[in-house]
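A closer look at the structure
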Amino acid sequence: MDLTTIPLTTMDEHTTTLNDYAGQVVMVVNVASRCGLSGQYEQLEELQRTYGDRGFTVLGFPSNQFLQELGSNEAVLEYCSTTYGITFPIFDRVRVNGRREHPLYTELKKTKDAAGKAGRVSWNFEKFLLLPSGERLRFRPRTTPDAPEIIAAIEANLPG
């Protein structure tokens, strides 16, 4: 399946695909408002503000897969807006593992992390960096969005 043509729906019910972000560096993250790692929202937003006008975007995919997300799209949007001032796109809640996982995650999970391991999303805030070349990088939840290896990958692959 072509990752770039999988339909994605934002919380405001706008349908898009990754084709709309062609040529950009895109970070796909499964987020959860009640997770102990939710402080990463702040770092994700900082990346968006720093690199957003240079061909980078964060795409947030709320997931209650690990039972740590709020109960409605409205509650998630309110939390993201008021707590962290999120400006990057937030999509409909998705499942990242299992029988009803979103097709985007079916494809993303084929990506190996730095240790050479692909497979299940281990927890909230697992990050997939999609580069304009088509290459994908995977960073596990405890790797913060502002980790040197993520910043280096973003900066090395920004368009222009």
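What this report covers is the structure whose coordinates are included nearby. Only a predicted model underlies this, so the values are computations on that prediction, with no experimental measurement involved.

1. Let's talk about the pattern of salt bridges
For the structure shown, the criterion picks out six salt bridges. When the shortest N-O distance is used, the salt bridge between Asp113 and Arg140 registers 2.8 Å. Highlighted residues: Asp113 in the loop between helix 3 (103-108) and strand 5 (127-130) and Arg140 in the loop between strand 6 (136-139) and helix 4 (148-157), separated in sequence by 27 residues. Residues Asp113 and Arg140 agree in their burial class; the two are buried. With its nearest N and O atoms 2.7 Å apart, the salt bridge here joins Arg138 to Glu126. Here Arg138 is found in strand 6, whereas its partner Glu126 is found in the loop between helix 3 and strand 5, with 12 residues between them in sequence. Judged by its relative accessible area of 3%, Arg138 falls in the buried class.

2. Description of the layout of surface pockets
Put simply, the largest pocket is a space of about 220 Å³. Lining of the largest pocket is provided by 15 residues; of these, Thr4, Leu130, Leu131, Pro132 and Gly134 occupy positions nearest its centre. Its residues assigned to classes, the lining of the largest pocket shows eight nonpolar, five polar and two charged.

3. What about the environment of Glu149?
On the secondary structure map, Glu149 appears in helix 4. In the structure, Glu149 is positioned 10 residues away from Phe139 in sequence and 9.4 Å away in space, judged by C-alpha atoms. When residues no more than four places from it in sequence are discounted, the contact partners of Glu149 are Phe139 and Thr143.

4. Side note on the pairing of strand 6
Two elements, strand 5 and strand 6, share four bridges in a ladder whose sense is antiparallel. Along strand 6, the bridge assignment pairs Lys127 with Phe139. Turn length for the strand 5-strand 6 hairpin, with the two strands adjacent in sequence and antiparallel, is five residues, and the turn residue Gly134 shows positive phi of about 100°.

5. Some remarks on a positive patch on the surface
The grouping of Arg95, Arg99, Arg100 and Arg120 at the surface amounts to a positive patch. Mapped onto the elements of the fold, Arg99 is located in the loop between helix 2 (73-84) and helix 3.

What counts and how
Residues numbered from 1 in each chain as written. Predicted model: local features only at pLDDT ≥ 70, side-chain atom pairs only at ≥ 80, totals over all residues. Heavy atoms only, no water. Salt bridge = Lys/Arg side-chain N within 4 Å of Asp/Glu carboxyl O. Helix = DSSP H or I, 4+ residues; strand = E, 2+ residues; numbered from the N terminus. Buried < 20%, exposed > 50% of the residue type's maximum accessible area, 1.4 Å probe, protein only. 1 Å grid on protein atoms, 1.4 Å probe; cavity = no way out; pocket = protein on both sides within 12 Å on 5 of 7 lines; lining within 4 Å. Points joined across faces, edges and corners; volume = space filled by probe spheres on them. Nonpolar A, V, L, I, M, F, W, Y, C, P; charged D, E, K, R; others polar. Contact = heavy atoms within 4.5 Å. Pairing = 2+ DSSP bridges. Patch = residues over 30% accessible without salt bridge, like charges linked within 9 Å, V, L, I, M, F, W, Y side chains within 5 Å. Areas by Shrake-Rupley, 256 points an atom, 1.4 Å probe, with all protein chains shown as cover. Lys, Arg positive; Asp, Glu negative; His and termini not counted. Charge placed at Lys NZ, Arg CZ, Asp CG, Glu CD.

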